[in-house]
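# Structure assessment
Okay, here's what each chain looks like letter by letter:
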Amino acid sequence: MKEWLEQLNKKIEHLTSSKWMRHFRIAGGVFWNLTLLTFIFLSASAIFMVSVGAGYFASLVKEEPLRSKEEMREEIFSYEETSELYFANDIYIGKIRTDLDRRETSLAKISPNVINAVLATEDEYFREHNGIVPKAVIRGLLQDVSNSSTQTGGSTLTQQLIKNQILTNEVSYERKAKEILLALRLEYFMTKEEILEAYLNIIPYGRNASGRNIAGIETAAQGIFGVSAAELSLPQAAYIAGIPQAPFKYTPFTNKGERKSKEGMQHGIDRMSTVLYRMNEAGYITKNEYDNAVAYDITQDFRAYEERPEDKYPWLTAELEERAKEIFAKIIAEKDGIDPARLKEEKNLLDKYMILADRTIRSGGYRIYSTINQDMYDAMQQVTDEFKLYGHTYKKKEKDPETGEEVEVDVPVQTGSMVIENKTGKILSFVGGRDHKLEQLNHATKAYRSNGSTMKPLLAYAPALEYGVIGAGSPVVDVKFSRIYGNEKYEPVNYNPTQELGIIPARQAVKTSQNLAVLRLYDSILDRRPATFLEKMGFSRLTEGDFVNLSTSIGGITHGASIEENTNAFATFANNGQFIDGYMIERIEDLDGNIVFEQKTEAVDVFSEETAYMMTDMLRDVLKDGGTAKKAKSLLNFSSDFAAKTGTTQDHKDVWLVGYNPNVTLGVWLGYDQPRTLYAFNNTYQHPSARVNTLWAKYMNSLYKVDSELIGTKETFKKPENVVSASFCGISGLAPSTSCANAGLVMSDLFNKNMFLPSQPDDSFISASSVVINGKSYAALAKTPPEFVGKGGFGLNQAVADRMLGKLGGDASKLLPNRAGNSIVSGSTFLADSVSPSPVSATLNNGVLSWTNSGSNDIVGYRVYSMTSGGRAFVASLKSSESNSIKTTPGVRYVVVAVDITGFESSHSNEVSEMIELPPDPIEDTNPGDMIEVDIIPSEPGIEEPVDDSVTN
């Protein structure tokens, strides 16, 4: 080889030394130099361009933080997932309201057809590249620079994942540069399977059959075809895989969940054909499979319209979302080291954490399990829809928020109700209103109204029992009073404004819902601040005025109470005096099934079990004859140990009925959103109280059909050992005395022997003579004519009368209005006016003399006189409580005078008489000129009464 090389070298030297080669050497040198210069220039230019490009690329990504593996994986896998709502017993309601529905799945639960379709369509080199395909990036760059009408994209699945999870959809070189950099980095941190699974869980797929925006393959499979991602057929997989390129163009549904027109759906079908073509071209499917899939009518697989849960259960879904937010607000605040109690006091802090909580539940994929019984809820909604006696629907004009035009809208009577399981506090069902499209306010939980007379047991009677002020039947005073507050006079009345029942048992006052009696009772305990009981029972909007105003005891609460609060409070009586706060969310689980919240109930001691039982026993009477809820019980299709209380606010603007048995408590309210009377059109809709009685019974009957064992329980309220029956005087409430027994006023009822038993002897009665004026008994005066005085009765001791009336005072004569004419009289003295009474008018027909009542207010009776030539003769005296008429004798002239309590008489009435008709003369006149004497015997004029100047003056 060495020798050969030496010979070759000699030949080259000989050749180059020849004359003709000299010119060739010069041309070759020039060409070489030019070639070298061109190469150097092009290399320098290339290096420069690469350097500039690299510098520009570096400038684009310079602010992009260097994420660690853990940070990148966390961001990729933190895709939003829609939370779900459930009825009791884990019955699915639907997804929570959100802008985008998504449900996570794993790669193992996705059909291979989907994976193949996605790879063939979106990223054919997915298995080979390291995050980007350079030629695709360059192609896309050149198309963009040249403003080409054809844009082929070039993003790999990895890049799309980066764009959706870490970056944004912004169209810029900066975002694209960051996308490329992060895609290359992500390929080192995640496997291909992890990247593919994440991509399939985050990519948007248009809309589902409810019209909601959806993302993720599982959500798309369920929302479009009603199957899981694992069950997707080849045509279905190809259809879904084609959607992401233009989600709202290729999705088959409108934003209302309706199917698009045939032309509208054709875009998606054409795209499906393209996906199938690429799958066949890439070798994922055979030609035969391709032909069959392309010919398949995919429209037959589309889901029918599916009602959104917020459309089917609008009040329920909204309420569960709100309560879930409140729960998460406390959880997040606590994680931040903030006492959750501060959220109640600091509005700005509450607003902040409610926003954070809202984001959490809408994107965290939580499962929210409620206490609401679906069958009960549906049954109550049906009753609400079918009830015909709400009342009149008015009309009003308001501006349409969208068009600004004035439109006429309905103003119907609204309703709200709630049923709570007593022992657990579970809210089993509720009614938020009549038409959510017309009014979105949840009347069961968010509407605060005066609770009327349903407040009486909660704030007056139960506290009075608890304090030992009364027993179940102790006497209370139903007599009018007035009180001055500043420049205003407070003069409450009963439902019947003229009614005053005097001294009555507390049990009766509850049964017939007397206002005056409860106000007086409440006044006697007001200094103990009984409104603290309301605080313990969850009334959330109490003001200082609610602790001191008398009117609070009859429902005059400043900011009102919700149906939930009112119903929950009555459940306290059913729970032996313990308050268990009602709740609607049983537990919340995260994506992995971990419990992040679980309800834990804590009973709060409010009343003793003795008070709770006695109050319940009193409320049982409300459902009996004469009680204000008798109608409700008569309409029940079953029997159970129920207790209840009705409530009516001023001018019938609200009507309530809350009733309970040992298992459940049901509260119902009726009223207009803007308070106005329900009393109109009673002939059409029944009295407002009758309406709420009827609706309560219908709700209870519907609940009984769902669960007869729970609702129609045969369990009864058990009387505690310390609740005993004891006798007492019905006037004073003290231990019976001989006088009380002789008067027939000894009563017996329930007492808490640990707090109060009648032991002090009754001191109510004294011997008394009485008169009756205007139906009321008064003590007779010394000047009162004896014929009008009732002898041998018992009078009410003035000290007892004063004690019963208390510091509010009142007319003592009305303490015993129903005793008029009996042996029991009021101890009060009538204040006479020393003026002669007004006269009366008399008439005489068919032998009966009658007269009108005197216009004076102190009349004890009337005297009848016959008129003779010698003056007047006394005929009869009649007490004012007796009839204003007597039989008369024909031919006699009569007058009537009124007599007052001091003995003064009125002037005579008009004189009346009935003439005698003589029969025809039977005597035959045989001697016309002779006179015949005939004896005429007058009727007996009566006994003449001497005139007493001291009376008539």
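Residue numbers here run from 1 along each chain, matching the order of that chain's written sequence. Only residues with pLDDT of at least 70 are given local features in this predicted model, and only at 80 or more are side-chain atom pairs given and counted; all residues enter the totals for whole chains, interfaces and linings. Hydrogens are left out, water is left out, and the side-chain values use all remaining heavy atoms of the structure.

## A word on the overall build of the protein
Looking only at helices and strands, the protein features 32 helices and 34 strands. The cut-offs for exposure are 20% and 50% of the maximum accessible area for each residue type, with area from a 1.4 Å probe on protein chains only; residues under the lower value are buried, those over the upper are exposed, and the others partly exposed. Counting all 953 residues of the protein, 49% fall into the buried class. Two residues form a contact once any of their heavy atoms are found within 4.5 Å. Contacts in the protein between residues far apart in sequence, at least 24 positions, make up 70% of those at least 6 positions apart. Accessible surface computed for the protein: about 47100 Å², of which carbon and sulfur atoms make up 51%. Every helix listed is a DSSP run of H or I at least four residues long, and every strand listed is a run of E at least two residues long, numbered separately from the N terminus. Per-residue accessibility takes into account occlusion by the displayed protein chains alone, with areas from the Shrake-Rupley method and a 1.4 Å probe.

## Some remarks on the sheet that holds strand β16 (residues 585-589)
Any two strands with at least two DSSP bridges between them are considered paired. Pairing is mixed across the open sheet formed by 5 strands, whose spatial order is β2-β1-β6-β16-β17. Looking at strand neighbours, the two that pair on one side only are β2 (92-95) and β17 (595-598), the edges of this open sheet. Taking each pair of neighbouring strands and ignoring which way they run, the sheet shows an average axis angle of 15°. Note that strand β6 (residues 367-370) and β16 share 4 bridges and pair antiparallel. Across the sheet, the residue bridging to I368 is I588, located in β16. Helix axes are fitted to C-alpha atoms over the stretch in contact, other axes to C-alpha atoms as well, and angles between N-to-C directions run from 0 to 180 degrees.

## Brief notes about the state of the cysteines
Two cysteine sulfur atoms form a disulfide, by the criterion used here, when they sit within 2.5 Å. If you walk through the whole model with that rule in mind, you get 1 disulfide. Residue pairing for C729: its cysteine sulfur links by disulfide to C740, the two sulfurs lying 2.3 Å apart. Across the S-S bond of C729 and C740 the torsion is about 100°, and the bridge reads as right-handed. Placement of C729 in strand β22 (residues 723-729) and of C740 in helix α30 (residues 738-742) is noted, with a sequence separation of 11 residues between them. No difference in accessibility class separates C729 from C740, as the two residues are buried.

## Overview of the packing of aromatic side chains
Here the aromatic set is Phe, Tyr and Trp, taking the six-membered ring for Trp, and pairing holds for ring centres within 6.5 Å; pairs whose planes are under 30 degrees apart are stacked, those over 60 apart are edge-to-face, and all others are tilted. Summed over all chains, the structure comprises 26 aromatic pairs. Ring centres of Y86 and Y369 lie 4.6 Å apart, and the angle between their planes is 25°; on these two criteria the pair is classed as stacked. Here Y86 is found in strand β1 (residues 84-86), whereas its partner Y369 is found in strand β6, with 283 residues between them in sequence. Geometrically, the ring pair formed by Y485 and Y490 is edge-to-face, given 6.1 Å between the ring centres and 65° between the ring planes. You can call Y485 partly exposed: its relative accessible area is 35%. Taken together, Y467, F533, F570, F573, F607, Y660 and F717 form an aromatic cluster joined through their ring pairs. For the cation-ring pair, R676 lies above Y394, with the distance from its terminal atom to the ring centre recorded as 3.5 Å. Any Lys NZ or Arg CZ that is within 6 Å of a ring centre and within 35 degrees of that ring's normal is treated as a charge sitting over the ring.

## Quick look at the confidence of the model for the protein
The share of residues in the protein with pLDDT of 70 or more is 87%, and the mean pLDDT across the chain is 86. Predictor confidence is given residue by residue as pLDDT, running from a minimum of 0 to a maximum of 100. For residues 818-823, every residue scores under 50 in pLDDT, and the model assigns this stretch 11 contacts once sequence neighbours within four places are set aside. Low pLDDT, under 50, characterises residues 923-953; the stretch is placed with 24 contacts to residues that sit more than four places away or in other chains.

## Points about the sheet that holds strand β3 (residues 101-102)
Across a sheet, paired strands are connected by hydrogen bonds in the backbone, their directions being either parallel or antiparallel. Taken together, the 3 strands give an open sheet; going across it, the order is β3-β5-β4, and neighbouring strands pair in mixed fashion. Looking along the sheet, the strands with just one partner apiece sit at the ends: β3 and β4 (204-207). As paired elements, β3 and strand β5 (residues 213-215) share 2 bridges and run parallel to each other. Residue pairing in the sheet places D101 in a bridge with I214 of β5.

## A short note on the packing of helix α3 (residues 69-76) against helix α6 (residues 157-165)
For the pair α3 and α6, the least separation of the axes is 9 Å and the interaxial angle reads 80°. Classified by the angle their axes make, α3 and α6 are roughly perpendicular. Contacts between α3 and α6 involve M72, E75 and I76 from the former and L161, I162 and Q165 from the latter. Residue classes follow a fixed rule: Ala, Val, Leu, Ile, Met, Phe, Trp, Tyr, Cys and Pro count as nonpolar, while Asp, Glu, Lys and Arg count as charged, and any other residue, Gly among them, counts as polar. Residue classes in the contact of α3 with α6 are distributed as 4 nonpolar, 1 polar and 1 charged. In what follows, roughly perpendicular refers to angles from 65 to 115 degrees, roughly parallel to angles under 35, roughly antiparallel to angles over 145, and oblique to any angle outside these ranges.

## Focus: helix α19 (residues 455-467)
Between its terminal C-alpha atoms α19 stretches 18 Å, which fits the 18 Å expected from 13 residues at 1.5 Å a residue. Bending of α19 peaks at approximately 30° at the position of Y461, with proline P463 no more than four residues after it. Taken together, the buried positions of α19 are M455, K456, P457, L458, L459, A460, Y461, A462, P463, A464, L465 and Y467. Looking at the buried positions of α19, the neighbouring elements they touch are α20 (506-511), α21 (515-525), α22 (531-536), α24 (563-574), α25 (609-620) and β19 (643-648). Here a helix's expected span is defined as the number of its residues, less one, multiplied by 1.5 Å. Two axes are fitted around each residue, one to the seven residues ending there and one to the seven starting there, and the angle between them is reported as the bend at that residue.

## Quick word on the pattern of salt bridges
For salt bridges, the criterion is a side-chain nitrogen of Lys or Arg within 4 Å of an Asp or Glu carboxyl oxygen. Enumeration over the complete set of coordinates arrives at 41 salt bridges. The salt bridge partner of R620 is D641, with a shortest N-O separation of 2.7 Å. Placement of the pair is R620 in helix α25 and D641 in the loop between α26 (630-634) and β19, with a sequence separation of 21 residues. Residue R620 shares its accessibility class with D641, and that shared class is buried. When salt bridges with common partners are traced through the structure, they connect R507, D617, R620, D621, K624, D641 and D749 into a single cluster.

## Some remarks on helix α18 (residues 374-386)
Every α-helix carries 3.6 residues per turn, so stepping three or four residues along brings you back to the same face. Here α18 is 13 residues long and its end C-alpha atoms lie 18 Å apart, about the 18 Å a rise of 1.5 Å per residue gives. Taken together, the buried positions of α18 are M376, Y377, A379, M380, Q381, V383 and T384. Buried-residue contacts for α18 involve α15 (314-335), β9 (414-421), β10 (427-431), β21 (664-671), α28 (688-706) and α29 (708-711). In protein, a polar contact means a hydrogen-donor-capable atom and an acceptor-capable atom, both N or O and within 3.5 Å, with residues adjacent in sequence counting only if both atoms are side-chain atoms; elsewhere, any N or O pair within 3.5 Å suffices. Of the residues flanking the start of α18, the one acting as N-cap is N373, its side-chain oxygen 3.0 Å from the backbone nitrogen of D375.

## A few points about unusual backbone geometry
The general pattern is negative phi for most residues beyond glycine and trans for most peptide bonds. Of note in this structure, Q686 is not a glycine but carries a positive phi near 75°. Locating Q686 in the fold gives a position in the loop between α27 (682-685) and α28. Non-glycine residue N846 carries a positive phi angle of around 50°. Relative to the helices and strands, N846 resides in the loop between β28 (842-845) and β29 (848-851).

## A few points about a nonpolar patch on the surface
Here a patch means residues that are over 30% exposed by relative accessible area and free of salt bridges, tied together within 9 Å if like-charged and within 5 Å if nonpolar (Val, Leu, Ile, Met, Phe, Trp, Tyr). On the surface, L34, L36, L37, F39 and I40 cluster together into a nonpolar patch covering about 510 Å² of accessible area. Here I40 is to be found in helix α2 (residues 21-61). The exposure class assigned to I40 is partly exposed, which follows from its relative accessible area of 46%.

## Considering the packing of α18 against α28
With their axes 9 Å apart at the nearest point, α18 and α28 run at an angle of 145° to one another. In this structure, α18 meets α28 at a crossing whose hand is right-handed. Residues D375, M376, A379, M380, V383 and T384 of α18 pack against L695, K698, Y699, S702, L703 and V706 of α28. Looking at the contact of α18 with α28 residue by residue, the classes come out as 8 nonpolar, 2 polar and 2 charged. Each crossing gets its hand from how the near helix is turned against the far one by less than a right angle, where anticlockwise is left-handed and clockwise is right-handed.

## Overview of the side chain of R691
Mapped onto the fold, R691 is located in helix α28. Although R691 lies buried, it forms no salt bridge, and the closest oppositely charged side chain, D654, sits 12 Å away as judged by the N-O distance. By the counting scheme adopted, Arg and Lys are positive, Glu and Asp are negative, and His together with the chain ends is not counted.

## Regarding the pairing of β19
Within β19, 5 of the 6 residues are buried, leaving the element largely enclosed by the surrounding structure. Sheet topology places β19 next to strand β20 (residues 654-660); 6 bridges connect them, and they run antiparallel. In the strand pairing of β20, G647 is matched with W656. Counting the residues between successive antiparallel strands, the hairpin from β19 to β20 contains 5 residues, one of them, D651, with a positive phi of roughly 60°.

## A closer look at the side chain of H129
Checked against the element boundaries, H129 lands in the loop between α4 (112-122) and α5 (134-145). Ignoring sequence-local partners within four residues, the contact set of H129 consists of D123, T156, T158, E187 and K192.

## Concerning the environment of M376
Counting through the fold element by element, M376 comes out in helix α18. For the pair M376 and D707, spaced 331 residues apart in sequence, the C-alpha to C-alpha distance is 8.4 Å. Apart from residues lying up to four places away in sequence, M376 is in contact with L428, S429, L703, V706, D707, L710 and I711.

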